[in-house]
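# Descriptive analysis of the structure
Take a look at the letters that make up each chain.
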4 protein chains.
Amino acid sequence: MIAEQTFTEQYFRVRKHSETICRGLETEDYVVQPIVDVSPPKWHLGHTTWFWETFVLIPNYPAYRPFHEDFSYVFNSYYETVGKRVLRTDRGNLSRPTVAGVYAYRAYVDEHMSRFLNTADVSPDLYALIELGLNHEQQHQELLITDIKYILGHNPLLPALKMPIIEHQRQASRPPVSIREGIYSIGYSPIVDSFHFDNELGRHKVYLNETVLSGNLVTNGDYLEFIEAGGYQNFRYWLSDGWAWVNTNAIQAPLYWYQIDGDWWNYTFDGLIPVDLAVPVCHVSQYEADAYARWRGTRLPTEFEWEIAAVDSAVESTVAGQLNWGARWEWTNSAYLPYPGFITAEGAVGEYNGKFMSAQLVLRGASVATPEGHSRPTYRNFFQPDKRWQYTGIRLVE
Amino acid sequence: MIAEQTFTEQYFRVRKHSETICRGLETEDYVVQPIVDVSPPKWHLGHTTWFWETFVLIPNYPAYRPFHEDFSYVFNSYYETVGKRVLRTDRGNLSRPTVAGVYAYRAYVDEHMSRFLNTADVSPDLYALIELGLNHEQQHQELLITDIKYILGHNPLLPALKMPIIEHQRQASRPPVSIREGIYSIGYSPIVDSFHFDNELGRHKVYLNETVLSGNLVTNGDYLEFIEAGGYQNFRYWLSDGWAWVNTNAIQAPLYWYQIDGDWWNYTFDGLIPVDLAVPVCHVSQYEADAYARWRGTRLPTEFEWEIAAVDSAVESTVAGQLNWGARWEWTNSAYLPYPGFITAEGAVGEYNGKFMSAQLVLRGASVATPEGHSRPTYRNFFQPDKRWQYTGIRLVE
Amino acid sequence: MIAEQTFTEQYFRVRKHSETICRGLETEDYVVQPIVDVSPPKWHLGHTTWFWETFVLIPNYPAYRPFHEDFSYVFNSYYETVGKRVLRTDRGNLSRPTVAGVYAYRAYVDEHMSRFLNTADVSPDLYALIELGLNHEQQHQELLITDIKYILGHNPLLPALKMPIIEHQRQASRPPVSIREGIYSIGYSPIVDSFHFDNELGRHKVYLNETVLSGNLVTNGDYLEFIEAGGYQNFRYWLSDGWAWVNTNAIQAPLYWYQIDGDWWNYTFDGLIPVDLAVPVCHVSQYEADAYARWRGTRLPTEFEWEIAAVDSAVESTVAGQLNWGARWEWTNSAYLPYPGFITAEGAVGEYNGKFMSAQLVLRGASVATPEGHSRPTYRNFFQPDKRWQYTGIRLVE
Amino acid sequence: MIAEQTFTEQYFRVRKHSETICRGLETEDYVVQPIVDVSPPKWHLGHTTWFWETFVLIPNYPAYRPFHEDFSYVFNSYYETVGKRVLRTDRGNLSRPTVAGVYAYRAYVDEHMSRFLNTADVSPDLYALIELGLNHEQQHQELLITDIKYILGHNPLLPALKMPIIEHQRQASRPPVSIREGIYSIGYSPIVDSFHFDNELGRHKVYLNETVLSGNLVTNGDYLEFIEAGGYQNFRYWLSDGWAWVNTNAIQAPLYWYQIDGDWWNYTFDGLIPVDLAVPVCHVSQYEADAYARWRGTRLPTEFEWEIAAVDSAVESTVAGQLNWGARWEWTNSAYLPYPGFITAEGAVGEYNGKFMSAQLVLRGASVATPEGHSRPTYRNFFQPDKRWQYTGIRLVE
């Protein structure tokens, strides 16, 4: 829980981190959008600022005047309740507002937020809204990192960049985690964590069979065995949609793997480096994670198994061991669906998570790109199964 | 369970029903494929025959000679283990083999199946294979009906056709079904049913919250209120993917509804008739079912709630009432995913169901087009959420 | 010119030929549309009939009642002035009207045309309209042949069919045709031919440089040298659009050529036969014709050079020799554009040719599939440069 | 003709003009590519530099070392002989090389060109190559202007920009130009102009009918009458391809016209201004030009008529008057095809113009965006008929 006296500090700490991520960028790197999933960095910087302007300052701070009449149009996201939006595919066509203009927008909003936070009588609703805004910005911080990586990693010059994360780190080996058959509780609990998104609410019981989850993530070396065994050429391991995806896109390895004269290389923020076999595999789709698991004769965990294996074993006496998570977002085989009793909140902020509950899979954990403090065992991340520009990895059921 | 003495009878009863469905067709109706989801009727007749030839006769009946060397190529489906297949989109381009040729193929295979069944020593494995073949053909019988309806219902002449089903029937009102909170068992049980598909296996426990399911399907009259309240124009009720689908395809009503001079009409096998408000709504997508439920302030059931509500209440004492199902396939809000312990069978027949476990939703029950004997409470039908050419309907949680 | 006493005979001779072309078809062959350029044979039979009904009978024969109210919708073509049309891509989805229904439509219209022609006082305008109708039907006769070939030639069974044309015939060698530099007249001349389409009108002078046209069409043997020299793999010979077409569609040989165990085969109405090197090459696109010419270090003729080389050398004393044409439609390097003074006729019939004067190339001559009497040196056929399902061939400038 | 003593001056004058065009741009404006036809300004600056490096310095100046090994890949255009190229659609995804990097590349190449030109013994071939390079860069200068206009004119902020052209200028009224029937010579003549592209070569005779070309370009006021008469809603005026283009793209006015509260506005480099009825219409496609002409009951000129009407009437005594051209590229109804005797030059530079001779129309004249000295009556510009981001206009035959 955020102590009230540090509220303004908290705000500025998060806001500053967005800019820290971008500090190594050239102006041009802020502008482009190579694929529809990736947003231009300046859009992330503007959009997160728009959130504060639109949801906090305009409704709550009478003295506030919007920075620019067109910015709500340019930096809107999916929030269909707040006016006409820029089509997502068009973001990469916009040279204006300039990067300098976006930083000016940030400074203007930050200054007014500072004034506002210093004077406001923070009601519980406003408190919740600000906490949501901070978490929203943290989500975009992870996207900033992954989108910048995509932009540079698809440039023919493959440039390196200073980035405040360590992508490539080996993991110490850990024992597996065993879950005994029985009833478990799933979802956000106010006793454990303070903040949560709406999709974690509705704590409820599930019945789990006995399961053992691997203590370790699948490594590049493990995954290379799948590649070398012809895994990408054999339809037997693949879901029907996954097999179509492999063939349509001529997929032969994880994203950012390049085979040069027989050797495998990885694009990273340090530039092109040899694949380190001991490091957890990264940038795989759920189709690849699922096919890999089938090839090994096993399966991905469900999001419920994962959550139970991740909580403190002191809490659940029927669980032996505890997952060591946080290096990679871990694909589960659970569809992203509402928990019992899920209700979409009223108003624009309420559009937040519910409407994406279709054709996406849940990822659990966090990654090396996740901002500090923005993770917990009940967090439900979600993407379509073909997406792999996030720091996604694989953990198997044993 | 099929009594052994009636095995040949059983075979011929199912085989004959496929042809009965087609008895009103003109030769030309057998040939076309207006959309990729719909297969030409002659393809269904050939493909089901190919199943018997490929999986039963060729491996088990040494005297058998294939009818035509190219038919395994033409009538293959998704079975990637059995050679190169005709691309699904191409089926509607094939004028040959002719309809008469397909019926000759059926007669040839039927004759050899008859000889074989009369002489074979039916092992349990063979027995299971034949039972699978019969159920496979029954699945295609339902598709035959829905595909023929699509072909005729998208012809400018909107022709009527004699079809052995009653599409339009009002349902007597029924009380709701209540499920008490607790642990329930889900999946195929040999005590209740004999046949099952692989995706029903892995009977396992789930924990359900207290739930009440409506005793009645949503009617055309109920649904018309949603249309008239502007349901198709308000993004608030829709999943993000659903809203894109509505707008891209300019959807304004269920499939086969036509508004003529202000009145709503339905295309049916009897031709164009006025919408009967008392009949259960039909031909809706899961997006529409979900949006309708949200508009009513409630939700669709999960497949587990549905299954428990459908079983005999004598079996589950914590369930009050029993669903009256079978008129419409009922969309659930459950993604089509494997049950615990699901294993894909070896070999071509094993490709059967598992590989579609991606981006599809479960439908439960059966419809007016489902062949007699081809339904049970544990049956898991599945389609992508935008599909609506099946006899799909809506039941709400109260 | 058509002698008046044989008017009815003429009508029935042309009408009968359309049906003669189809006499070997199975009902199913009439229905399908494998690509958008190809129309189902029953559509051709219906559309040509619709022409007589719409433009001759309804406006001129008061006693006439249309055969079916929806047929004008189903069998309309591009004539945007005559009501809403079936989208061209949808033709292959229509199982109804049936083939028998289309033949009944033909019989009904023929009977009324017979009555009408026997009683009508044929004005010059009506005479011209009927002559246009006969030529229109002849154009569709050639399309019937090429569309049927496409349907069967893309069926995995590659069926043979009895067809009243001889596709594969060697040509006797002929001397080249020389044109002396100077002024020539181009376009329809009433002295030479009776009938013409609107696009041939506007006889006008052009200035030609000295040119020599080959007396022979390029043969399969000639063309095979281009293939074996790597012509399809070298961008230097190709127009930019042509090179894109080759690569997008993986083109490696003319249409209907199949390489089996190193040997080249042709699909023809006699089924699959070995490529005869002495026969004129057929089913090539203008891109291929142009690339072949460049590879040979020469070019295709213009439509003006072709026309002058084709007319009787008695007429043009500055031309030595005369083209022997009629086996293949000969691609020119002339864009299909209006002659000086071209005027689009008023009314629906006037939509005839002018509006296609964009992005198409002129072909001159006729082919083995062209009906007798439907060719003349001033005839301007036209297709987009990537089309090759017509009987198209190549003649070079020497 | 370029005087030899001013050769280096000439080079630097042209090179400087490319940078002058860009002087008002923000860094971000250099990067984006909103549609495939438009290239990012930094790409134009790099590509024109690459031309000098690749075709002049590397083969002719032994002391030269390429600026960066990857730049030939990044800044290549269509020249398929010079290695693998960046797919055209990908240009807008490249944040690197940066704008500063591109300017450094220009400075580096310019410095070496200066050294080289000061020391080289300029052979006629080299002279021709440098002249080609200057004209090549001038072509890209016009594209720079039109691409920048597209980028800013499709930005929601519709920013103004300082640009060294005057877009909006009224034209004094001029008498028509009459051409008497007869033989005329077409194509580049060394007597009149020094430089030419390959597609102007092959001076040859054509026979023209008597024609009168309007002395004035069609104005916004003229064109508005077409809009208000429902020209965009009536298929009768349109080519078939044009009508499809209008409907697919919902075209209702020239590019950069916006209707706001009933009034028409133009986006220009001065921002949004009211449509000036007296100014020549601009940014129309050939489809629109052709439809407008038909609606007026006339036609567009051919490129031959235009060329004869544009040359000095002192030269052609059978021409009365002389065109006043240069404000707009004038669409003709001539397909872009080779002149008699056209030969594609050997080597990469030879790919220049010939391979685009397919499905494009000729434009004649020049526009307000054409660099000084880069126009002549025999110049053949060409674009597909749907393109309209160039400064295109309409002149009618009277």
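Values in this document were obtained by computation on a predicted structure and should not be read as measured data.

## So, the overall build of chain A
Each helix and strand in chain A was counted, giving 9 helices and 12 strands. For 398 residues, the compact-globule estimate of 2.2 N^0.38 gives 21 Å, and chain A sits close to it at 22 Å. Its C-alpha atoms give chain A principal-axis dimensions of about 65 × 50 × 35 Å. When the 398 residues of chain A are sorted by exposure, 45% land in the buried category. Within chain A, counting contacts between residues at least 6 apart in sequence, those at least 24 apart form 78% of the total.

## Notes on the arrangement of the chains
Of all C-alpha pairs spanning chain A and chain C, none lies closer than 14 Å, and the two are not in contact. Spatially, chain B is disjoint from chain D: no contact exists, and the shortest C-alpha separation is 14 Å.

## Some details on the interface of chain B and chain A
Facing 22 residues of chain B, the contacting portion of chain A comprises 22 residues. Listing elements by their share of the side of chain B that touches chain A, those giving two or more residues are strand 3 (204-208), helix 7 (240-248) and strand 9 (329-335) of chain B. Among the elements that line the side of chain B that touches chain A, the one with the most residues is strand 3 of chain B, at 4 residues. Looking at side-chain class alone, the side of chain B that touches chain A contains 12 nonpolar, 6 polar and 4 charged residues.

## Focus: unusual backbone geometry
Here the bond from arginine 96 of chain C into proline 97 of chain C is cis, since omega is -5°, no more than 30 degrees from zero. Here proline 97 of chain C shows up in the loop between helix 3 (71-74) and helix 4 (99-119). The backbone phi angle of leucine 158 of chain A is positive, close to 40°, even though this residue is not glycine. Take leucine 158 of chain A: it is sitting in the loop between helix 5 (124-153) and strand 1 (177-179). Phi is positive for alanine 250 of chain D, close to 50°, though the residue is something other than glycine. Assignment of secondary structure puts alanine 250 of chain D in the loop between helix 7 (240-248) and strand 5 (257-260).

## Points about the domain arrangement of chain A
What the domain assignment lists for chain A is domain 1 (4-153) and domain 2 (165-398). Taking only C-alpha atoms, the centre of domain 1 of chain A and the centre of domain 2 of chain A are 28 Å apart.

## Section: the environment of glutamate 26 of chain A
With respect to the helices, strands and loops of the structure, glutamate 26 of chain A is situated in the loop between helix 1 (7-21) and helix 2 (41-60). Spatially, the C-alpha atoms of glutamate 26 of chain A and proline 124 of chain A are 41 Å apart, while their sequence positions differ by 98 residues. Excluding residues within four positions of it along the chain, glutamate 26 of chain A makes contact with Ser95 and Thr98 of chain D.

## Here's the deal with the packing of helix 1 of chain A against helix 5 of chain A
Residue and element names in this part refer to chain A. In contact at an axis separation of 10 Å, helix 1 and helix 5 are set at 15° when each is read in the N-to-C sense. Between helix 1 and helix 5, the interaxial angle falls into the category roughly parallel. The interaxial crossing formed by helix 1 with helix 5 has left-handed handedness. Where helix 1 approaches helix 5, its residues Gln10, Tyr11, Val14, Arg15, His17, Ser18 and Ile21 are matched on the opposing element by Leu134, Glu137, Gln138, Gln141, Leu144 and Ile145. Residues that form the contact of helix 1 with helix 5 fall into these classes: 6 nonpolar, 5 polar and 2 charged.

## Concerning the pairing of strand 6 (residues 263-268) of chain D
Residues and elements named next belong to chain D. The pairing of strand 5 with strand 6 spans 4 bridges and is classified as antiparallel. Bridge assignment links tyrosine 258 to a residue of strand 6, and that residue is tryptophan 265. The hairpin turn running from strand 5 into strand 6, its antiparallel successor, is 2 residues long, and aspartate 261 in that turn takes a positive phi close to 50°. Relative to strand 7 (residues 271-274), strand 6 runs antiparallel, the two being bridged by 4 bridges. Across the sheet, residue asparagine 266 finds its bridge partner in strand 7, namely isoleucine 273. Hairpin connection, strand 6 to strand 7: the antiparallel pair is bridged by 2 residues.

## Some words on the sheet that holds strand 8 (residues 319-320) of chain C
All names here are of chain C. Read across the sheet, 3 strands follow the order 4-1-8 without closing on themselves; strand pairing throughout is antiparallel. The open sheet has two edge strands, strand 4 (211-213) and strand 8, and neither has a second partner. Inspection of the sheet shows strand 1 (residues 177-179) paired to strand 8 by 2 bridges, in the antiparallel sense. Counted as the bridge partner of isoleucine 179 is valine 319 from strand 8. On the sheet, helix 9 (residues 303-310) packs against strand 1, strand 4 and strand 8 and is oriented at approximately 115° with respect to strand 1.

## Brief notes about the sheet that holds strand 10 (residues 361-365) of chain B
Residue and element names in this part refer to chain B. Reading across from one edge, 11-10-9-12 is the order of the 4 strands in this open sheet, with mixed pairing throughout. Of all the strands in the sheet, the pair left with one neighbour each is strand 11 (381-383) and strand 12 (392-393). Where strand 9 lies against strand 10, 4 bridges are found, and the strand directions are antiparallel. When the sheet's bridge partners are listed, tryptophan 329 is paired in strand 10 with glycine 365.

## Digging into the relation of the copies chain B and chain A
Between chain B and chain A, which share one sequence, the superposing operator has a rotation angle of 180° and an axial displacement of 0.0 Å; the RMSD is 0.0 Å. Expressed as an axis order, the relation between the two copies is that of a two-fold axis. Considering only C-alpha atoms, the residue of chain B closest to the rotation axis is alanine 359 of chain B, which sits at 2.4 Å. By residue overlap, the copies meet face to face through one surface: 100% of the interface positions of chain B are interface positions in chain A.

## Quick word on the interface of chain D and chain A
Every contact between the two is made by 24 residues of chain D and, on the other side, 24 residues of chain A. Looking at side-chain class alone, the side of chain D that touches chain A contains 12 nonpolar, 7 polar and 5 charged residues.

## A look at the environment of glutamate 111 of chain B
Residue and element names in this part refer to chain B. Along the chain, glutamate 111 turns up in helix 4 (residues 99-119). Exposure remark for glutamate 111: the 10 C-beta atoms within 10 Å place this residue in the exposed category. Taking the C-alpha atoms as reference points, glutamate 111 and asparagine 324, 213 residues apart in sequence, are found 40 Å from one another.

## Points about the packing of helix 2 (residues 41-60) of chain D against helix 4 (residues 99-119) of chain D
Residue and element names in this part refer to chain D. In the contact formed by helix 2 and helix 4, the axes pass within 9 Å of each other and the chain directions differ by 30°. Relative to helix 4, helix 2 is oriented roughly parallel. Between helix 2 and helix 4 the crossing geometry is left-handed. Across from Lys42, Leu45, Gly46, Thr49, Trp52, Glu53 and Leu57 in helix 2, the residues of helix 4 making contact are Val99, Val102, Tyr105, Arg106, Val109, His112, Met113 and Phe116. Split by residue class, the contact of helix 2 with helix 4 holds 9 nonpolar, 3 polar and 3 charged.

## Describing the environment of alanine 291 of chain A
Residue and element names in this part refer to chain A. As for its placement among the helices and strands, alanine 291 is situated in helix 8 (residues 286-295). Judged by C-beta crowding, with 24 C-beta atoms within 10 Å, alanine 291 ranks as buried. In sequence terms alanine 291 and arginine 236 are 55 residues apart; their C-alpha atoms lie 8.5 Å from each other.

## Let's talk about the confidence of the model for chain A
For chain A, the mean per-residue pLDDT works out to 92, and 93% of the residues sit at or above 70. Scored by ipTM, the complex comes to 0.94, with pTM at 0.95.

Conventions and cut-offs
- Numbers given for residues are sequential positions, taken from 1 along each chain in its written order.
- Starting at A for chains and at 1 for ligands, labels are handed out in the order in which the entities are written.
- Reporting of local features is limited, given that this is a predicted model, to residues whose pLDDT is at least 70; pairs of side-chain atoms are given and counted only at 80 or more, and all residues count toward the totals for whole chains, interfaces and linings.
- Helix and strand definitions follow DSSP, with helices as H or I runs of at least four residues and strands as E runs of at least two, each counted in order from the N terminus.
- It is over C-alpha atoms that the radius of gyration is taken, and the globule rule equals 2.2 Å times the number of residues to the power 0.38.
- Residues are called buried when their C-beta atom has 20 or more other C-beta atoms within 10 Å, exposed when it has 12 or fewer, and partly exposed otherwise; all C-beta atoms are positioned from the backbone.
- A pair of residues counts as a contact when their C-beta atoms, built from backbone coordinates, are separated by no more than 7 Å.
- Side-chain classes follow a simple rule in which Ala, Val, Leu, Ile, Met, Phe, Trp, Tyr, Cys and Pro form the nonpolar group, Asp, Glu, Lys and Arg form the charged group, and the remainder, Gly included, forms the polar group.
- Each domain's limits were defined by an automated method or a database of domain assignments.
- For every element, the axis is a line fit to its C-alpha atoms; helices are fit only across the contacting stretch, and the angle between N-to-C directions ranges from 0 to 180 degrees.
- What sets the label is the angle itself: under 35 degrees gives roughly parallel, over 145 gives roughly antiparallel, 65 to 115 gives roughly perpendicular, and the rest give oblique.
- By the definition used in this description, the sense in which the near helix is turned from the far one sets the handedness, with an anticlockwise turn below a right angle giving left-handed and a clockwise turn giving right-handed.
- Only strands that DSSP links by at least two bridges are regarded as paired with each other.
- Only residues with pLDDT of at least 70 in both copies count here: their C-alpha atoms drive the least-squares fit that superposes the copies.
- For every residue, the predictor reports its confidence as pLDDT, a number between 0 and 100.

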